[in-house]
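# Examining the three-dimensional arrangement
Next come the chains, spelled out residue by residue.
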Amino acid sequence: MHAPMEDHSKNLPRKEVGCLSILIVLYNCSPEDSETVNSLLEAGVNFVNAELCLWNNGPISAKPQQRTVERFKEMGVSIRFVETIKNYPLSWIYNHFLKVFDSKSYVILDHDSKLSKEYLSYLRDSSSDFISVPLIKAKGAPRSPLVNGKFSFGPYNKFDHLIAVGSGVILSAEAAREIAFRFGDVFDERFALYGVDTSFFIRVNKLGLSEKVKVVPGFEHSFSRLEEEPATIKAFRELERGYDLGLQLRLYPDGRRLGSFFKQIIFSFIGKNNLSVVSAFIGFFRGRHYKCQGQAKINFEMENKDIALDE
């Protein structure tokens, strides 16, 4: 068992327990340009006792406009804004959010999800689920969740190898406590970008909690592998996917991941690999992502704090 979670709550003051806390992580995107923010505002779903943390992770400052703050207040959502423009690991941000916000349920969202009214209505009305995962579509086709690599609505049993997109997962406080008790934290802080969602579900599976996961109405979400991107962006993603696979093989070894690793080695000889084999080896031997280093964590703890929003 890992050491207990450190207290990361020094900078953000705690508030009384609420019904729902929502995190939207922004990167290279203002709040007003975020599809997630806009779909949340435009769905016409009002909340009670809900709190939204808008977290700008860089690379430039992007404070929400006052009208955006007012519109959220009108729909029953209070806003707290945090800004760390150095693009810190998502796992650090997620764990900090869970540590600081006292709620019955938590939701973590990317900035490029097109939230549906059905999903938001479920989010507002349901508070008893242990873990809920939205049915995620891309270009109209279902993409998540997956069991043994194939799309599945469930229900699941505790032996299923369940993997899902992290954006939109509804996590109860009870589930967060159970995962953190076993692993020391909810999200594995040795992962930075790719692998944060996957390693979370690996932990869920290891604890036999997949049978408590429920599929709920979902939404459209952007998948990089389905988009045309410049060569530099593709190279970056291959590097990150390599780190992800190497870390998974080192930290959560099993035959499935070992098979994926050898398949990528073979594919690399014929130019069909979709990740960097070199970065996979580096990730395996380092045991953590290159951004997840000690001094960076100290800087993160010092920098993440509420930024006042004008009333």
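Residues numbered from 1 in each chain as written. Predicted model: local features only at pLDDT ≥ 70, side-chain atom pairs only at ≥ 80, totals over all residues. Heavy atoms only, no water.

## Regarding the side chain of Arg257
Here Arg257 is to be found in helix α8 (residues 255–269). Among the polar contacts made by the side chain of Arg257, one reaches the main-chain carbonyl oxygen of Tyr252 at a distance of 2.6 Å. With sequence-adjacent residues up to four places away left out, Arg257 is seen in contact with His161, Ile202, Leu245, Gln248, Leu249 and Tyr252. (Helix = DSSP H or I, 4+ residues; strand = E, 2+ residues; numbered from the N terminus. Polar contact = N/O pair within 3.5 Å; in protein donor to acceptor, adjacent residues only side chain to side chain. Contact = heavy atoms within 4.5 Å.)

## Notes on the sheet that holds strand β8 (residues 146–147)
Spatially, β9-β8-β10 is the arrangement adopted by the 3 strands of the open sheet, whose pairing is antiparallel. Because the sheet does not close on itself, it has two edges, and the strands there are β9 (150–151) and β10 (162–163). As defined by bridge partners, β8 adjoins β9 across 2 bridges and the pair is classed as antiparallel. Within β9, the position partnered with Val147 by the bridge is Lys150. (Pairing = 2+ DSSP bridges.)

## As for the environment of Asn274
Relative to the assigned elements, Asn274 resides in the loop between α8 and α9 (277–286). Since its relative accessible area comes to 40%, Asn274 is described here as partly exposed. The contact partners of Asn274, leaving out residues within four places of it in the chain, are Glu238, Arg241 and Gln264. (Buried < 20%, exposed > 50% of the residue type's maximum accessible area, 1.4 Å probe, protein only.)

## Some remarks on the nonpolar core
The biggest cluster of nonpolar side chains holds 50 residues, and the ones touching the most others in it are Leu23, Tyr94, Ile131, Val186 and Phe200. Residues in contact with Phe200, not counting those within four places in the same chain, are Ile131, Leu171, Ile179, Val186 and Phe187. Grouped together as the second largest cluster of nonpolar side chains are 34 residues, Leu20, Ile22, Val77 and Ile79 included. (Core = buried A, V, L, I, M, F, W, Y, C linked by side-chain atoms within 4.5 Å.)

## A closer look at the pairing of strand β7 (residues 141–144)
Across 3 bridges, the pairing between strand β6 (residues 131–138) and β7 is antiparallel. Pairing of Ala138 across the sheet is with Ala141, part of β7. The antiparallel pairing of β6 with β7 creates a hairpin that spans 2 residues between the two strands, and Lys139 there sits at a positive phi of about 55 degrees.

## Some thoughts on the packing of aromatic side chains
Counted by the stated rule, this structure contains 15 aromatic pairs. The interplanar angle of 75 degrees and the centroid separation of 5.1 Å between the aromatic rings of Phe261 and Phe281 together place this pair among those described as edge-to-face. Of this pair, Phe261 sits in helix α8 while Phe281 is found in helix α9, placing the two residues 20 residues apart along the sequence. The class for Phe261 is buried, based on a relative accessible area of 9%. By the ring-pair criterion, three or more aromatic residues cluster together here, those being Trp55, Tyr88, Trp92 and Phe300. Above the ring of Phe130, the side-chain terminus of Lys212 is found at 4.5 Å from the ring centroid. (Phe/Tyr/Trp six-rings, centres within 6.5 Å; stacked < 30°, edge-to-face > 60°. Lys NZ or Arg CZ within 6 Å of the ring centre and 35° of its normal.)

## A short note on the confidence of the model for the chain
Counting all residues, the mean pLDDT for the chain is 88, and 91% of those residues have values of 70 or more. Long-range and interchain partners of residues 1–17, a stretch whose pLDDT sits below 50, account for 47 contacts in this model, where long-range means more than four residues apart. (pLDDT = per-residue confidence, 0-100.)

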